[in-house]
Amino acid sequence: MTSIWDLPASEKDAVELLQGYGIIPNERTFKNSHKMKLYFGKQIFRKCSVEECNQHLGVRTGNWFEGSRISFVTAVCFIYCWCKELTSIKFCAEELEIADKTVIHWNNYMREKCALEMDEKERKQICDEGLIVEIEESLFVKRKNNSGRVLTQQWVFGGICRETKETFSVTVPNRSAVTFMEKICENIKEGSIIYSDCWKGYKTSELENAGFLHGTVNNKYNFVDPDTGVHTQHAERMWGSAKLRNKKQRGTARHHLDSYLIEFIWRQAQAVNGEDGFQSVLKAIAKRFPPKK
């Protein structure tokens with residue numbers, strides 16, 4: 001796993017790290033077929049390798065960093081901190097000396113990367129025959145700063161497989177049986193064992209007709225059903241984690257909630273797979289935003 005001590009300390013080191021992942025190319029070719037090499041000095045630039053040709057090119061031109069202004073060292077540190085969920089406006093201002101608007105833009109870039117990565121993957125149903133998936137709906141709200149007044153509300157529905165730890169979450173317009181049935185069939189493999197609370201939107205007869213087994217727990221009386229052992233505590237913890245992140249963002253605007261949920265699922269998958277988030281992000285950027293050569 002990458003540690004903070006592995007991060008580059010100079011612009012040259014940062015660029016070389018990004019070159020190693022293929023985000024910034026080692027060489028570029030002009031229309032005249034002349035090769036341009038990267039030169040490191042007080043400034044980093046590309047210069048034509050043919051002595052008679054005096055063409056120059058900015059190091060950010062034609063790659064993911066085009067249009068950005070922050071230093072490469074800062075950018076790499078931001079990506080690392082984002083993977084550690086340390087990119088609040090306050091933290092970035094104090095530790096990375098990044099302006100508020102820039103922090104917002106870069107957080108959006110990272111969520112965009114997650115969304116693109118998830119979109120490119122084939123929609124995968126979680127769980128499988130004989131495995132247990134806990135499902136639960138939860139209400140996300142955004143409140144006006146310094147007051148308790150609710151500005152927006154959004155129901156979110158999701159589940160987590162106990163055995164594989166795979167998750168899914170989707171925004172839903174309501175908590176009707178029709179809506180839940182549609183989302184269950186879209187996201188959970190037939191034959192799975194579904195555990196839920198006793199909300200009327202989860203209809204056992206319809207779930208069984210669709211090929212699922214269904215167990216319930218009445219949370220009004222027990223967290224764990226004393227007779228069957230059914231509970232949904234894994235799903236509750238999943239929503240607790242998601243809501244904690246939402247709270248840190250001081251609530252999420254309704255039109256942004258989908259992208260935050262995608263980021264949440266991406267992070268869950270990284271944790272389940274034991275992947276190095278920092279390396280995964282750099283590889284994903286190189287794959288989805290290949291530089292011009």
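Residues numbered from 1 in each chain as written. Predicted model: local features only at pLDDT ≥ 70, side-chain atom pairs only at ≥ 80, totals over all residues. Heavy atoms only, no water.

An unreviewed UniProt entry lists the chain under the name Transposase, ISXO2-like domain-containing protein, from Trichonephila clavata.

A. Inspection of the nonpolar core at higher detail. By size, the foremost hydrophobic cluster in this structure holds 36 residues, and its most contacted members are Phe65 and Phe78. Elements that contribute at least two residues to this core include exactly helix H1 (11–20), helix H2 (72–83), helix H3 (89–96), helix H4 (100–120) and helix H9 (277–288). Top contributing element to this core by residue count: H2, with 11 residues. Those residues within four positions of phenylalanine 65 in sequence are excluded, and the remaining contacts are Leu18, Ile23, Ile24, Arg60, Phe72, Ala75 and Trp106. (Core = buried A, V, L, I, M, F, W, Y, C linked by side-chain atoms within 4.5 Å. Buried < 20%, exposed > 50% of the residue type's maximum accessible area, 1.4 Å probe, protein only. Helix = DSSP H or I, 4+ residues; strand = E, 2+ residues; numbered from the N terminus. Contact = heavy atoms within 4.5 Å.)

B. Summary view of the packing of aromatic side chains. A full pass over the atoms with the stated rule returns 15 aromatic pairs. Each ring, one from phenylalanine 157 and one from phenylalanine 168, has its centre 5.7 Å from the other, and the planes form 70°; the classification is edge-to-face. Here phenylalanine 157 is found in strand E6 (residues 150–161), whereas its partner phenylalanine 168 is found in strand E7 (residues 167–172), with 11 residues between them in sequence. We classify phenylalanine 157 as buried; its relative accessible area is 0%. The interplanar angle of 35° and the centroid separation of 6.2 Å between the aromatic rings of phenylalanine 157 and tyrosine 202 together place this pair among those described as tilted. (Phe/Tyr/Trp six-rings, centres within 6.5 Å; stacked < 30°, edge-to-face > 60°.)

C. Representation of the sheet that holds strand E4 (residues 56–58) within the structure. Reading across from one edge, E1-E2-E3-E4 is the order of the four strands in this open sheet, with antiparallel pairing throughout. At either margin of the open sheet sits one strand with a lone partner, and together these are strand E1 (27–29) and E4. Taken over all neighbouring pairs, the strand axes of this sheet differ in orientation by 35° on average, direction set aside. Against the sheet, H1 makes contact with strand E2 (35–40) and strand E3 (44–48), and its axis sits at roughly 140° relative to E2, the strand it touches most. (Pairing = 2+ DSSP bridges. Axes fitted to C-alpha atoms, helices over the stretch in contact; angles between N-to-C directions.)

D. Inspection of the side chain of threonine 179 at higher detail. If you trace the backbone, threonine 179 turns up in helix H5 (residues 177–187). Residues contacting threonine 179, with those up to four places away along its chain left out, are Val172, Pro173 and Asn174.

E. Geometry of the pattern of salt bridges. A full pass over the atoms with the stated rule returns eight salt bridges. The residue arginine 111 makes a salt bridge to glutamate 263 at a minimum N-O spacing of 3.8 Å. Of the two residues, arginine 111 sits in helix H4 while glutamate 263 sits in helix H8 (residues 257–273), which places them 152 residues apart along the sequence. Neither residue differs from the other here; arginine 111 and glutamate 263 are each classed as buried. The salt bridge involving lysine 189 is made with aspartate 128; its shortest N-O contact spans 3.9 Å. Taken together, the residues span a long stretch of sequence, with lysine 189 in the loop between H5 and strand E8 (193–197) and aspartate 128 in the loop between H4 and strand E5 (132–143) at a distance of 61 residues. Here lysine 189 falls in the partly exposed class, since its relative accessible area comes to 28%. Shared partners join several salt bridges into a network, and the residues in it are Arg111, Glu263 and Arg267. (Salt bridge = Lys/Arg side-chain N within 4 Å of Asp/Glu carboxyl O.)

F. The arrangement of unusual backbone geometry in detail. Positive phi, normally seen in glycine, also occurs at glutamate 97, with a value near 55°. Here glutamate 97 shows up in the loop between H3 and H4. For cysteine 127, which is not a glycine, the phi torsion comes out positive at approximately 70°. Tracing the chain through its elements places cysteine 127 in the loop between H4 and E5. When its relative accessible area of 4% is taken as the criterion, cysteine 127 is described as buried.

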